[in-house]
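Examination of the molecular architecture
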Amino acid sequence: VCVIVMSITLCGNIVCVKSISHAGFSYSGPTAAYAYKYMDSKTIKRVFVLGPSHHYYTDGCEVTGCKKYETPVGDLDIDTEVVDELLATGRFQKMSKRVDEDEHSIEMHLPYIAHQ
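Remember, it's a predicted structure, so these values are computed and weren't measured experimentally. (Residues numbered from 1 in each chain as written. Predicted model: local features only at pLDDT ≥ 70, side-chain atom pairs only at ≥ 80, totals over all residues. Heavy atoms only, no water.)

**Comments concerning the confidence of the model for the protein chain**
In this model, the protein chain carries a mean pLDDT of 80, and residues with pLDDT of at least 70 account for 85%. Across residues 1-6, confidence stays below pLDDT 50; counting only partners more than four residues off in sequence or on other chains, it has 24 contacts. (pLDDT = per-residue confidence, 0-100. Contact = heavy atoms within 4.5 Å.)

What follows is the structure, given as structure tokens:
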């Protein structure tokens, strides 16, 4: 199953889902900026970013092993407690650092989220 990148935010008791293209900034940057413009960062508790794998086959869902993602506008801390909870279900695997660094499906979104 291939999905475009989705940003899922928990705004109080409300779950907000945005489905946003992950093409390069010159292709879909204005569309992504418009979508993120309307996220009220004061009400967001947590952001989940889901992206497809472009170069690595997996038959399940994988989570990052990183503690943070670096972006040009600041670092994003990874909620490692939630990662550990997901791993504990047995339904997720931890991706290798190399796979995580090589995958580009979420990298266009991280600066917008960090900027919030």
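**Structural notes on the pairing of strand 6 (residues 74-77)**
Here strand 5 (residues 68-71) runs beside strand 6; their pairing, made up of four bridges, is antiparallel. Residue pairing in the sheet places Thr71 in a bridge with Gly74 of strand 6. Between strand 5 and strand 6, which pair antiparallel in sequence order, lie two residues. (Pairing = 2+ DSSP bridges. Helix = DSSP H or I, 4+ residues; strand = E, 2+ residues; numbered from the N terminus.)

**Notes on the nonpolar core**
One finds Ile20, Ala32, Tyr36, Tyr69, Leu76 and Leu110 to be the most contacted residues of the largest nonpolar core, which totals 15 residues. Taken together, the elements giving at least two residues each to this core come down to helix 1 (25-37) and helix 4 (110-115). (Core = buried A, V, L, I, M, F, W, Y, C linked by side-chain atoms within 4.5 Å. Buried < 20%, exposed > 50% of the residue type's maximum accessible area, 1.4 Å probe, protein only.)

**Notes on the pattern of salt bridges**
Overall, the coordinates contain three salt bridges when judged by the stated rule. In this structure, Lys68 and Asp75 form a salt bridge, with 3.1 Å as the shortest nitrogen-oxygen distance. Overall, the relative accessible area of 39% leaves Lys68 in the partly exposed class. The residue Lys97 makes a salt bridge to Glu101 at a minimum N-O spacing of 3.9 Å. Here Lys97 and its partner Glu101 are both found in helix 3 (residues 97-102), four residues apart, which amounts to about one turn of the helix. By the burial criterion, Lys97 is exposed, and Glu101 matches it. (Salt bridge = Lys/Arg side-chain N within 4 Å of Asp/Glu carboxyl O.)

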